[in-house]
Amino acid sequence: MAVEFGVLVNNLKCEEVDLTEGRGTSYYGCAHHAGDPGCKVNIERPFQFHTGRSDCTEHDAEFPYKATKEEKHPSAQDAGRKTIEYFQTEFPDLTGRDIVALMGAHTMGQPHIDISQIPYQWTSKGGRMFNNDYYRNIVGEDRWFFKAEPHNQCEKIGNAFGEKPKAQWLAHTRMTSVNGGPVFWIHRNHVCPACQLEEALEGMPLALMDWEKDCCHNKPEGTFCRPDRESADMEDDDLNTGCERMRFISGADEIAINAEMGLYKQFEVDDDGVIYGCRGLEIFNTTMRGTKARTVWSVPPGEYGPYEPECEKQTIQHPAGSGEPLYTIFEEFASNQQNFVRDFIVALEKMS
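Reading the values: rules and limits
- Residues numbered from 1 in each chain as written.
- Predicted model: local features only at pLDDT ≥ 70, side-chain atom pairs only at ≥ 80, totals over all residues.
- Heavy atoms only, no water.
- Axes fitted to C-alpha atoms, helices over the stretch in contact; angles between N-to-C directions.
- Helix = DSSP H or I, 4+ residues; strand = E, 2+ residues; numbered from the N terminus.
- Contact = heavy atoms within 4.5 Å.
- Nonpolar A, V, L, I, M, F, W, Y, C, P; charged D, E, K, R; others polar.
- pLDDT = per-residue confidence, 0-100.
- Disulfide = S-S within 2.5 Å.
- Phe/Tyr/Trp six-rings, centres within 6.5 Å; stacked < 30°, edge-to-face > 60°.
- Buried < 20%, exposed > 50% of the residue type's maximum accessible area, 1.4 Å probe, protein only.
- Lys NZ or Arg CZ within 6 Å of the ring centre and 35° of its normal.
- Expected span 1.5 Å × (residues − 1).
- Polar contact = N/O pair within 3.5 Å; in protein donor to acceptor, adjacent residues only side chain to side chain.
- Arc of directions from axis to C-beta.

S.K.: I would appreciate a short explanation of the packing of helix 10 (residues 326-335) against helix 11 (residues 337-351) in the present structure.
M.R.: Angle between the axes and distance between the axes: these two values describe a pair of packed helices. At their nearest, the axes of helix 10 and helix 11 sit 5 Å apart, and the two run at 115° to each other. Here E332, F333 and S335 of helix 10 lie close against helix 11, whose contacting residues are Q337, N339, F340, R342 and D343. Its residues placed into classes, the contact of helix 10 with helix 11 shows two nonpolar, three polar and three charged.

S.K.: Which parts of the structure should I look at to understand the confidence of the model for the protein chain?
M.R.: It should be kept in mind that the predicted coordinates are not to be read in detail where pLDDT is low. Across the protein chain, pLDDT averages 91, with 96% of residues at or above 70. Ranking the elements of the protein chain by mean pLDDT puts helix 9 (residues 282-287) last, at 84, and helix 10 first, at 98.

S.K.: Help me understand the state of the cysteines in this model?
M.R.: Note on terminology: a disulfide is the covalent bond linking the sulfur atoms of two cysteines. Applying the stated rule across the entire model yields six disulfides. Put simply, C30 and C154 are joined by a disulfide, and their sulfur atoms are 2.1 Å apart. Judged by the torsion about the S-S bond (-85°), the C30/C154 disulfide is left-handed. Residue C30 is found in the loop between helix 1 (2-14) and helix 2 (80-90), and its partner C154 is found in the loop between helix 5 (133-138) and strand 1 (167-173); the two are separated by 124 residues along the sequence.

S.K.: Just to check I follow, could you spell out the packing of aromatic side chains for this structure?
M.R.: Each aromatic ring pair is specified by the distance between its two centres and by the angle formed by the two planes. Counted under the stated rule, the structure contains 15 aromatic pairs. On the numbers, 5.0 Å between centres and 85° between planes, the contact of Y134 with Y135 is edge-to-face. The same class applies to Y134 and to Y135, which are both buried. The side chain of K66 reaches across the aromatic face of F63, ending 4.8 Å from its centre.

S.K.: Even after reading the chapter, I still don't get unusual backbone geometry, so can you show me in this structure?
M.R.: Trans is the prevailing form of peptide bonds, just as negative phi is the prevailing case for residues other than glycine. Look at the link from E149 to P150: it is a cis peptide, with omega at -15°. The topology assignment puts P150 in the loop between helix 5 and strand 1. A cis amide bond links G181 with the next residue in sequence, P182, at an omega value of -5°. Looking at where P182 falls in the secondary structure, it is placed in the loop between strand 1 and strand 2 (183-191). The residue Y120 is not glycine, and still its phi comes out positive at about 75°. Secondary-structure assignment places Y120 in the loop between helix 4 (113-116) and helix 5. Relative accessible area serves as the criterion here: at 24%, Y120 is assigned to the partly exposed category.

S.K.: Explain the environment of Q88 to me, please; I cannot follow it from the model alone.
M.R.: Looking at the secondary structure, you find Q88 in helix 2. Overall, the relative accessible area of 41% leaves Q88 in the partly exposed class. Sequence-wise, Q88 and C30 are 58 residues apart; in three dimensions their C-alpha atoms are separated by 37 Å.

S.K.: Looking at this model, I keep getting lost on helix 11. Mind explaining?
M.R.: Every α-helix winds through 3.6 residues per turn, so residues three or four apart in the chain are directed the same way. Its 15 residues give helix 11 an end-to-end C-alpha distance of 21 Å, which sits within 8% of 21 Å, the value for a rise of 1.5 Å per residue. Every buried residue of helix 11 is accounted for by Q337, N339, F340, V341, D343, F344, I345, A347, E349 and M351. Taken together, the buried residues of helix 11 touch helix 1, helix 3 (96-103), helix 5 and helix 10. Among the residues of helix 11, the N-terminal cap falls to N336, whose side-chain oxygen and the backbone nitrogen of Q338 are separated by 3.2 Å.

S.K.: What am I meant to see in helix 10 here?
M.R.: By the burial criterion, the buried members of helix 10 are L326, I329, F330, F333 and A334. The arc that holds every buried residue of helix 10, seen down its axis, measures 140°, which confines them to one face. Packed against the buried residues of helix 10 are helix 2, helix 3, helix 5, helix 8 (258-261) and helix 11.

Here's what the structure looks like:
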């Protein structure tokens, strides 16, 4: 039901139908790929849906709707290797393709900080749409930036030259737990201030600051804000300052948990929840073992950050020898929405 509703909302958004009047908040959101070929989702066949779970076969004699099997959850903090080990033990019939497809359920909804200590959402303004946006986000595609305010707008914000901006993932912890975690990943885009929304944002918490307004008004003709480089084909040598900079979507940040990011990127997490294994993650080993609460960002040794960790792609194959490293499945689903939808249905039916 949720998937079918998500497909409905996605496809209406792809047609840029205004769903904000008289329909309630269930229809709010922005389609990152409206107008692009393949924006719409097509479910080729109906779900073969059953209540319950295929692995819960024994039931309580007095309350037959209760399974006697004790529930065992995977850890959101584990990296890819341990996540695969969990599925091998609990759901041995699932392949790596099935597991990666099931992760695509995160294209909808969001975590709840009071339950998981993980804030924000998986896809910015996209939590009510079912599509492959989750995968396009995880693999680091260039991505339009939607500012959280005003909540009912879908203004696409790019870089100074009007292009879809580069994006990156940072590892981060706010040290809210006793072991200094939980670590999660947070997304940001290389964009201008929201110059197009300057008037609409006046009086709001996320109104443009004076220096941002200067970036919007004192700029070369034909640009969207004052560039920090001479041309679009040049790299910005300082991603953390300037008019063009890597920005978080304040109030609607996009996140990922270790358990899913570890299926695409190769890193490890020790028994204390400390993330390691890539250049840029070294800082977590010292700070997470301290006692003073603080926020920690990935940053290479000796650098001023934050910066994206330099992690290799996840080459685990499940089952071993399948010829499909996990990272290739993420990239396939990012580039081919229909393959994701097809494989998601198969994987969900295996679980039910």
